[in-house]
Amino acid sequence: MPIIQKTSPEILIRPAIIADKVYIVSLLQTSNMHLRDQGILQWHINYPDPEIIENDIKNGTAFVALYNQNIIGTIVLDENQDSEYDEVPWQFTGKSVAILHRFIVHPFMQGQGIGRTCIKFIEHHALNAGYQIIRFDTFTQNLKALQFYESLGYRNAGKLLYRMGYFYCFEKKLA
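Our subject in this report is the structure included herewith. Just so we're clear, the structure is a prediction, and the values are computed from it rather than from any experiment.

Some points on the overall build of the protein chain
Stage number 1. The helix and strand tally for the protein chain stands at four helices and eight strands.
Stage number 2. Starting at the N terminus, the α and β elements of the protein chain follow one another as β-β-α-α-β-β-β-α-β-α-β-β.
Stage number 3. Expressed as a percentage of its 175 residues, the buried residues of the protein chain come to 47%.
Stage number 4. Residue pairs at least 24 apart in sequence account for 68% of intrachain contacts in the protein chain once pairs closer than 6 positions are excluded.
Stage number 5. Roughly 9,400 Å² of accessible area belongs to the protein chain as shown, and the carbon and sulfur atoms make up 50% of that amount.

Topic: the environment of Pro48
Stage number 1. Inspection of the secondary structure assignment puts Pro48 in the loop between α1 (21–37) and α2 (50–58).
Stage number 2. Look at Pro48 and you get buried, because its relative accessible area is 9%.
Stage number 3. Sequence separation between Pro48 and Gln29 is 19 residues; the distance between their C-alpha atoms is 8.8 Å.

What about the packing of α1 against α2?
Stage number 1. At their nearest, the axes of α1 and α2 sit 10 Å apart, and the two run at 130° to each other. Viewed along their axes, α1 and α2 adopt a mutual orientation that is oblique. Between α1 and α2 lies a crossing of right-handed hand. Facing α1, whose interface residues are Lys21, Ile24, Val25 and Leu28, α2 presents Pro50, Ile53, Glu54 and Ile57.
Stage number 2. Each residue belonging to the contact of α1 with α2 can be placed in one class, and the counts come to six nonpolar, no polar and two charged.

A short note on the packing of aromatic side chains
The geometry of an aromatic ring pair comes down to the distance between the two centres and the angle between the two planes.
Stage number 1. Tallying each qualifying case throughout the model produces nine aromatic pairs.
Stage number 2. Summarising the aromatic geometry, the rings of Phe63 and Phe121 are spaced 5.4 Å apart at their centres and angled 70° between planes, so their arrangement reads as edge-to-face. Of this pair, Phe63 sits in strand β3 (residues 62–67) while Phe121 sits in helix α3 (residues 114–128), and the two are 58 residues apart along the sequence.
Stage number 3. Residue Phe63 is classed as buried on the basis of its relative accessible area, which comes to 2%.

What to know about the environment of Ala145
Stage number 1. Turning to its location among the elements, Ala145 is positioned in helix α4 (residues 143–151).
Stage number 2. Taking the relative accessible area as the measure of exposure, Ala145 reaches 15% and is therefore buried.
Stage number 3. Separated by 30 residues in sequence, Ala145 and Gly115 have C-alpha atoms that sit 9.8 Å apart.

Describing the environment of Glu84
Stage number 1. Along the polypeptide, Glu84 turns up in the loop between β4 (70–78) and β5 (97–105).
Stage number 2. Judged by relative accessible area, which is 25%, Glu84 ranks as partly exposed.
Stage number 3. Once the C-alpha coordinates of Glu84 and Leu160 are considered, the two residues, 76 residues apart in sequence, prove to be 7.6 Å apart.
Stage number 4. Discounting chain neighbours no more than four positions away, the residues touching Glu84 are Leu160, Leu161 and Tyr162.

Conventions and cut-offs
Residues numbered from 1 in each chain as written. Predicted model: local features only at pLDDT ≥ 70, side-chain atom pairs only at ≥ 80, totals over all residues. Heavy atoms only, no water. Helix = DSSP H or I, 4+ residues; strand = E, 2+ residues; numbered from the N terminus. Buried < 20%, exposed > 50% of the residue type's maximum accessible area, 1.4 Å probe, protein only. Contact = heavy atoms within 4.5 Å. Areas by Shrake-Rupley, 256 points an atom, 1.4 Å probe, with all protein chains shown as cover. Axes fitted to C-alpha atoms, helices over the stretch in contact; angles between N-to-C directions. Parallel < 35°, antiparallel > 145°, perpendicular 65-115°, else oblique. Left-handed = near helix turned anticlockwise from the far one by under 90°. Nonpolar A, V, L, I, M, F, W, Y, C, P; charged D, E, K, R; others polar. Phe/Tyr/Trp six-rings, centres within 6.5 Å; stacked < 30°, edge-to-face > 60°.

And the structure:
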């Protein structure tokens, strides 16, 4: 049974489907350019590419947030930890760890609580799927994101050199 959650009268979060791919790719490109305009080089210009998005959808790990039936956000939750994560001094350890990837809220929709709604949804989903811990990384130059995650109770577990620069790794124990 698909997971569909109406989080407010306006926001619906559901698993992504292949028909969403073009919209997710466009959203990611828009968000990447928005970050670059602010001098935040979090992602390579071609990352994530359409093949990665398609794999996320096919694997059932991608979700979309909709407002008036338009995709305004996307988030991926899976178990794939890059080898660089082995260098991080995680406080919370265990076998039931979920990793957050490719979380985006459209730049024009930011600051309206949509990101908070998406994270609360994914935490609830992870807990129901048997995960006890969520981990992810965020570019050190993305100050708004860093403050956002800390405001949601995520713990900064350390910094690592990764892809295009230094990233902070965050974790939260769910259970």
